[in-house]
Amino acid sequence: MDTGLSGFIKKLPLQAQPLIRLKEISSEVFVISINRNHDFLPGQVVAVTTDFSIPPRLYSICSGNKEKELSILFNVKHDGTLSPKMAQLKKDDTLFVSFPFGAFLGDDKPAWWIAAGTGIAPYRSMLRSGLGNNKTLIHGGRTTDSFYFSDEMTAFLSDRYIRCCSQQSGEGLYNGRLTSWLQNQEDLPLDHLFYLCGSAEMVVEVRDILIGKGVDIDRIMSEIYF
Ligand SMILES: Cc1cc2nc3c(=O)[nH]c(=O)nc-3n(C[C@H](O)[C@H](O)[C@H](O)COP(=O)(O)OP(=O)(O)OC[C@H]3O[C@@H](n4cnc5c(N)ncnc54)[C@H](O)[C@@H]3O)c2cc1C
């Protein structure tokens, strides 16, 4: 018997939705868009699958909560089950999607948004939902093409948008991992909230750094992509 989160996800009612668009925005990184049929809070996720033989996986919504379309951002895991299939979809193919849910919620308080890879998705939703004021975004990626949505992030956040590139160098990029960038910060704004989104390793490492620099654990919100 499935218990816990995976049991919960498998029992979610799924609605068949025609795909409006699948756009490759970087190598093997896609944005999928469908009609938005529900209200949601920026930061929430949906469970998604392409057919009922594959248990749904969770994806952060990356579109704004007043937009007509609902979009998710995903990268292809070659040895994965669902993401290679989603990357093959065509317009009007069916996607099965749950209602939005989740507790990783943005608000209008001052915060640092910290993301690795596709972990940028919920912050883009927060930004496009009007929550971008008083925010600093720190995004980590391996290569210079990992900074998804960088045009809109730069336009809104300007120098409050820090891109940390671990394997390549480029104009405007910090050359190193986002954890190194954080380690090098002397004074963190301890009265801010800190949102962390990405792999378990990244979230644990960043949380340890923040706590080591005096951030209260109650100010740290995490979304782990497993
Ligand atoms: C809250 C949440 C939000 C998320 N949001 C996003 C998002 O916005 N964008 C995004 O791209 N992803 C997101 N994810 C991750 C996403 O849900 C999927 O896990 C991801 O897309 C891979 O799915 P897949 O079916 O292709 O791979 P899977 O088949 O699930 O496999 C994933 C990896 O695990 C390995 N694996 C599978 N089974 C085992 C096993 N038994 N033992 C060891 N290794 C195994 C596979 O080889 C592969 O490398 C999120 C996850 C969570 C929990």
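Residues numbered from 1 in each chain as written. Predicted model: local features only at pLDDT ≥ 70, side-chain atom pairs only at ≥ 80, totals over all residues.

Peer 1: Can you explain the sheet that holds strand β6 (residues 69–75)? Please cite residues and give values.
Peer 2: Read from one edge to the other, the open sheet built from three strands follows the order β2-β3-β6, with strand pairing classed as antiparallel. Each edge of the sheet is formed by a strand with only one pairing partner; in this case those strands are β2 (21–26) and β6. The mean angle between the axes of side-by-side strands here comes to 25°, regardless of whether they run parallel or antiparallel. The pairing of β2 with strand β3 (residues 29–35) spans five bridges and is antiparallel. Paired with R21 across the strands is S33, a residue of β3. (Pairing = 2+ DSSP bridges. Helix = DSSP H or I, 4+ residues; strand = E, 2+ residues; numbered from the N terminus. Axes fitted to C-alpha atoms, helices over the stretch in contact; angles between N-to-C directions.)

Peer 1: Help me get a handle on the domain arrangement of the chain, residues and values and all.
Peer 2: In terms of domain boundaries, the chain breaks down into domain 1 (4–97) and domain 2 (111–224). On a C-alpha basis, the centres of domain 1 and domain 2 stand 23 Å from each other. The interface is formed by 18 residues belonging to domain 1 together with 13 residues belonging to domain 2. Elements represented by at least two residues in the side of domain 1 that touches domain 2 include exactly β2 and β6. (Domains from an automatic or database assignment. Contact = placed C-beta atoms within 7 Å.)

Peer 1: For the nonpolar core, give the residues involved together with the corresponding values.
Peer 2: Membership of the largest hydrophobic core comes to 51 residues, with the highest contact counts inside it found for V46, I72, W113, I114 and F194. Tallying contributions element by element places strand β8 (residues 111–116) first for this core, with six residues. Looking at which domains feed residues into this core, each of domain 1 (4–97) and domain 2 (111–224) supplies at least three. For V46, the residues in contact, after removing those within four places along its chain, are Y59, I61, I72, V97, S98 and P100. (Core = buried A, V, L, I, M, F, W, Y, C linked by C-beta atoms within 7 Å. Buried ≥ 20, exposed ≤ 12 C-beta atoms within 10 Å, placed from the backbone.)

Peer 1: How would you summarise the sheet that holds strand β9 (residues 135–141) if you had to cite specific residues and measurements?
Peer 2: The parallel open sheet is built from six strands, whose spatial order is β11-β10-β9-β8-β12-β13. Pairing within the sheet leaves two strands with one partner each, and these edge strands are β11 (174–175) and β13 (220–224). Where β8 and β9 come together, six bridges link them in parallel fashion. Bridge pairing in β9 places A111 opposite K135. Contacts between helix α4 (residues 150–157) and the sheet are confined to β9 and β10 (161–165), with β10 contributing the most and set at about 140° to the helix.

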